[in-house]
Amino acid sequence: MLTNERHAYILRLLDEKQTVKIQELVESTGASESTIRRDLTDLEQSRKLERVFGGAILPGQNLLEPSIKDKSTQFLDEKIRIAEFASSFVQQGDSVFLDAGTTTFQLIPFLKDKDLVVVTNGLTLVEALTDQGITTYLTGGLMKPRTGAFVGSHTIQALQNYRFDICFLGINGFHADYGYTTPDPEEAAVKQLASSLAKKTYALADHSKANKISFAKIMDLDRATLIVDEISKEANAGLEKKTTVKVVDR
């Protein structure tokens, strides 16, 4: 492919998938990794995309809230690996807050037979939790149609009645300077409160969330242990100055 053909192909793929990986582009275009990196840099300088660790996203995504349908198929293998690893921190008989989200959803099969009590603000999680025989409380509140998350004053009020051994949060971005973020301030408030009510909080994120900054800050990095499927040594070194980072073994 010529340079302009690769650029057009990359942008078409981004338009379809919202995110692309460098390795995926190497395999589909036949270009070298260094060539693809140069392409992404050129397109970023033209403000047609934003570079993230291992790939790129469309620009201006910090206010965009992907739907459950959109997110559920993105990086699914990575989310399952993160979820299985995260489940190892849950002890028998724990009380757990399970945040609305597609990575937290993947935790559910790994939580069975642990005699847990789970509180969630995620409507889409409830059926899977009850199918596993897990005692489940749903916060209620104002439901966001795109994500199935309950937010708002009724959700906040309900959460204040609980205390948790462990809290699992889904996030849209993590950054060494700007912490954990998400597009919706109301959802950020729910996540922040749930974390404050827990003895231990884990933020679950696939590698596409690295160095991403969304509109609403949830909290600083040191408020949660970060679990991620992969991250560069350079980025990890910066993050570990701020918090504990658990990288999932392949």
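**Overview of a nonpolar patch on the surface**
Argument step 1. Taken together, the side chains of L123, L138 and M143 make up a nonpolar region of the molecular surface, amounting to roughly 220 Å² of accessible area.
Argument step 2. One can find L123 in helix α7 (residues 123-131).

**Digging into the environment of R47**
Argument step 1. Inspection of the secondary structure assignment puts R47 in the loop between α3 (33-45) and β2 (50-52).
Argument step 2. Classification of R47 as exposed rests on a relative accessible area of 73%.
Argument step 3. When the C-alpha positions of R47 and M219 are compared, they lie 28 Å apart, and in sequence the two are 172 residues distant.

**Structural notes on the packing of aromatic side chains**
Aromatic rings in a pair are described by how distant their centres are and how their planes are angled relative to each other.
Argument step 1. Under the counting rule described, the total for this entry stands at six aromatic pairs.
Argument step 2. Consider the rings of F97 and F164, whose centres lie 5.6 Å apart with planes at 50°: the pair is tilted. Residue F97 is located in strand β4 (residues 95-98), and its partner F164 is located in strand β9 (residues 164-170); the two are separated by 67 residues in the primary sequence. When sorted by exposure, F97 lands in the same class as F164, which is buried.
Argument step 3. Relative to Y202, the ring of F168 lies with its centre 5.8 Å away and its plane at 25°, an arrangement referred to as stacked. Here F168, found in strand β9, pairs with Y202, found in strand β12 (residues 198-205); they are 34 residues apart in sequence, far enough to count as distant. One exposure class covers both F168 and Y202, and it is buried.
Argument step 4. Positioned over the ring face of Y202 is K200, at 5.7 Å from the centre of the ring.

**Some thoughts on the sheet that holds β4**
Argument step 1. Reading across from one edge, β6-β5-β4-β9-β12-β14-β15 is the order of the seven strands in this open sheet, with parallel pairing throughout. Only two strands of the sheet have a single neighbouring strand rather than two, namely β6 (135-138) and β15 (245-247). Within the sheet, the average angular offset between the axes of one strand and its neighbour, ignoring direction, is 20°.
Argument step 2. Summarising the sheet, β4 and β9 pair through three bridges and their orientation is parallel. Note that in β9 the partner of V96 across the bridge is I166.

**Considerations on the pattern of salt bridges**
Argument step 1. Following the criterion strictly, the structure yields 10 salt bridges and no others.
Argument step 2. D39 is the salt-bridge partner of R6, the closest N and O atoms lying 2.5 Å from each other. Taken together, the residues span a long stretch of sequence, with R6 in helix α1 (residues 3-17) and D39 in helix α3 at a distance of 33 residues.
Argument step 3. The class of R6 is buried, set by a relative accessible area of 9%.
Argument step 4. D220 is the partner of K217 in a salt bridge, and the nearest nitrogen-oxygen pair spans 2.3 Å.

The rules behind these values
- Residues numbered from 1 in each chain as written.
- Predicted model: local features only at pLDDT ≥ 70, side-chain atom pairs only at ≥ 80, totals over all residues.
- Heavy atoms only, no water.
- Patch = residues over 30% accessible without salt bridge, like charges linked within 9 Å, V, L, I, M, F, W, Y side chains within 5 Å.
- Areas by Shrake-Rupley, 256 points an atom, 1.4 Å probe, with all protein chains shown as cover.
- Salt bridge = Lys/Arg side-chain N within 4 Å of Asp/Glu carboxyl O.
- Helix = DSSP H or I, 4+ residues; strand = E, 2+ residues; numbered from the N terminus.
- Buried < 20%, exposed > 50% of the residue type's maximum accessible area, 1.4 Å probe, protein only.
- Phe/Tyr/Trp six-rings, centres within 6.5 Å; stacked < 30°, edge-to-face > 60°.
- Lys NZ or Arg CZ within 6 Å of the ring centre and 35° of its normal.
- Pairing = 2+ DSSP bridges.
- Axes fitted to C-alpha atoms, helices over the stretch in contact; angles between N-to-C directions.

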